[in-house]
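# Observations on the model geometry
As a plain string of letters, each chain reads:
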Amino acid sequence: MIDNATLLIGIAFSGAALVLALVIGWLNSRAETYLIHGATGIGLVVLALGALGLRGDTYSMLSLLIPFPTLLAGIAYVYSGSRLFNHKPARPALFVGAAAIIATAIPLLLGLSGLGTLMLNLCAAIILALCGVEFWRGREDARTAMAANAIIYGLVAASFLACAIVLLVEGQWVLDAPPDNLAEDINSIMSLVGLTGIGAITLTLHHARAARRHRMEANTDALTGVLNRRALFRRFSEEAPATGLAVIMFDLDHFKQINDHLGHAHGDMVLMRFADILRDELRHSDIIARLGGEEFCAILPGRDRDSAGQVAERIRRAFDDLALPIGSEKKTATVSAGLATAGKDETFSSVLSRADAALYKAKQAGRNQVHIAPFRLVA
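The paragraphs below set out a description of the structure included in this document. From a predicted model like this one, the values you see are computed outputs, not experimental measurements.

### Some words on the overall build of the chain
Regarding its fold elements, the chain presents 13 helices and 6 strands. Taken over the C-alpha trace, the chain has a radius of gyration of 31 Å; the compact-globule value for 379 residues is 21 Å, which it surpasses by more than 25%. Along the first, second and third principal axes, the C-alpha set of the chain runs to 95 × 50 × 35 Å. Here the chain, with 379 residues, has 49% of them falling under the buried criterion. With the model as given, the accessible surface of the chain reaches about 18,300 Å², and the carbon-plus-sulfur share is 62%. In the chain, 34 positive and 34 negative side-chain charges are present, and the distance between their average locations comes to 7 Å.

### Focus on the pattern of salt bridges
Applying the stated rule across the entire model yields 13 salt bridges. Among the ionic pairs, Asp251 bridges to Lys363, the shortest N-O distance being 2.6 Å. With Asp251 in strand 2 (residues 245–252) and Lys363 in helix 13 (residues 348–364), this pair connects stretches of sequence that are 112 residues apart. Overall, Asp251 belongs to the buried group, its relative accessible area being 11%. The class for Lys363 is buried, based on a relative accessible area of 17%. Notably, a salt bridge pairs Asp253 with Lys363, separated by 2.8 Å at the nearest N-O pair. Here Lys363 lies in helix 13 and Asp253 lies in the loop between strand 2 and helix 10 (255–262), a separation of 110 residues in the sequence.

### What to know about the packing of helix 6 (residues 113–137) against helix 7 (residues 143–170)
The N-to-C vectors of helix 6 and helix 7 enclose an angle of 165°; their axes lie 8 Å apart at closest approach. Considering the angle they form, helix 6 stands roughly antiparallel to helix 7. Where helix 6 crosses over helix 7, the handedness of that crossing is left-handed. For the contact of helix 6 with helix 7, the per-class residue count stands at 21 nonpolar, 5 polar and no charged.

### As for unusual backbone geometry
Positive phi outside glycine occurs at His254, with the angle close to 55°. Residue position: His254 is located in the loop between strand 2 and helix 10. Overall, the relative accessible area of 31% leaves His254 in the partly exposed class.

Conventions and cut-offs
Residues numbered from 1 in each chain as written. Predicted model: local features only at pLDDT ≥ 70, side-chain atom pairs only at ≥ 80, totals over all residues. Heavy atoms only, no water. Helix = DSSP H or I, 4+ residues; strand = E, 2+ residues; numbered from the N terminus. Rg over C-alpha atoms; globule rule 2.2 N^0.38 Å. Buried < 20%, exposed > 50% of the residue type's maximum accessible area, 1.4 Å probe, protein only. Areas by Shrake-Rupley, 256 points an atom, 1.4 Å probe, with all protein chains shown as cover. Lys, Arg positive; Asp, Glu negative; His and termini not counted. Charge placed at Lys NZ, Arg CZ, Asp CG, Glu CD. Salt bridge = Lys/Arg side-chain N within 4 Å of Asp/Glu carboxyl O. Axes fitted to C-alpha atoms, helices over the stretch in contact; angles between N-to-C directions. Parallel < 35°, antiparallel > 145°, perpendicular 65-115°, else oblique. Left-handed = near helix turned anticlockwise from the far one by under 90°. Nonpolar A, V, L, I, M, F, W, Y, C, P; charged D, E, K, R; others polar.

Quick look at the structure:
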């Protein structure tokens, strides 16, 4: 039978390997601060459990006063890492950790080692449960993995709570030896299994998030945040059927004058403001792409010719109302648009070409207007 001290040391070694993996992950992605918080937290847990495992049968105030707060500080850092993973501030987690350390240290200083151990287990259970809540709330990010992490945190928290309940029921306010009961054995096993499982899932979530971010960066225009040309044509190949789609081509009028007279920074601002208008005026199901320079494209599924024309006109008017200067004779930035709706069995490249031709006619007719392509004739 493996004794509790051996299990604690086993947990420490497992945690040390996880710390190394998290630190390597953070070194490769410094912006992901949840990794270094997790590594710090588990590192502190490793130190605390190593000290507790090597103390033997000693159970005095001096042998607990450093390991217990260190263990709670480690768990608090794990909680702050969980919050950072969900894009929340870490500070509340550190306040919770400080309160837990104080609540545990006071009984130890008063010589109530049993009560101090009870408070350690109770506080650890609460903080670990809070970690589980964070992952459960964020499970839309990666449902199966996040839910699994939440469940594991909950099980480990329950094992700490069981240890606290046993001490409370038995009324062991002062201990002269480490607690030795079934709850403690289960807690050690759950901590070992939980640490390994949580670590593996967290690293998997990190790599999955990094892959999604790289995919998004490859498909997104860095300036405006809309899709880039490559992403649009990956989604709609040239020969793909476009039935049910309305395509609007936009081109910012006299854009070269903006860059020439007011500089590229002002030109970038104008592009970003136009992209914001597109996001505000279009539905979540609509697709926005920047095709290059000052040219944008919007794909509106399920819109007929009239309703798509109204949308295009609304966007044109909203941009005109911004009255952004272009640096020439007190003129302001405007946009021209060309609209085409797909005919039966028409390909995406065909409807896009017709929308582009309509845009050219809007430019020829004096700019700052929407031109709608005629219905496609079917032979």
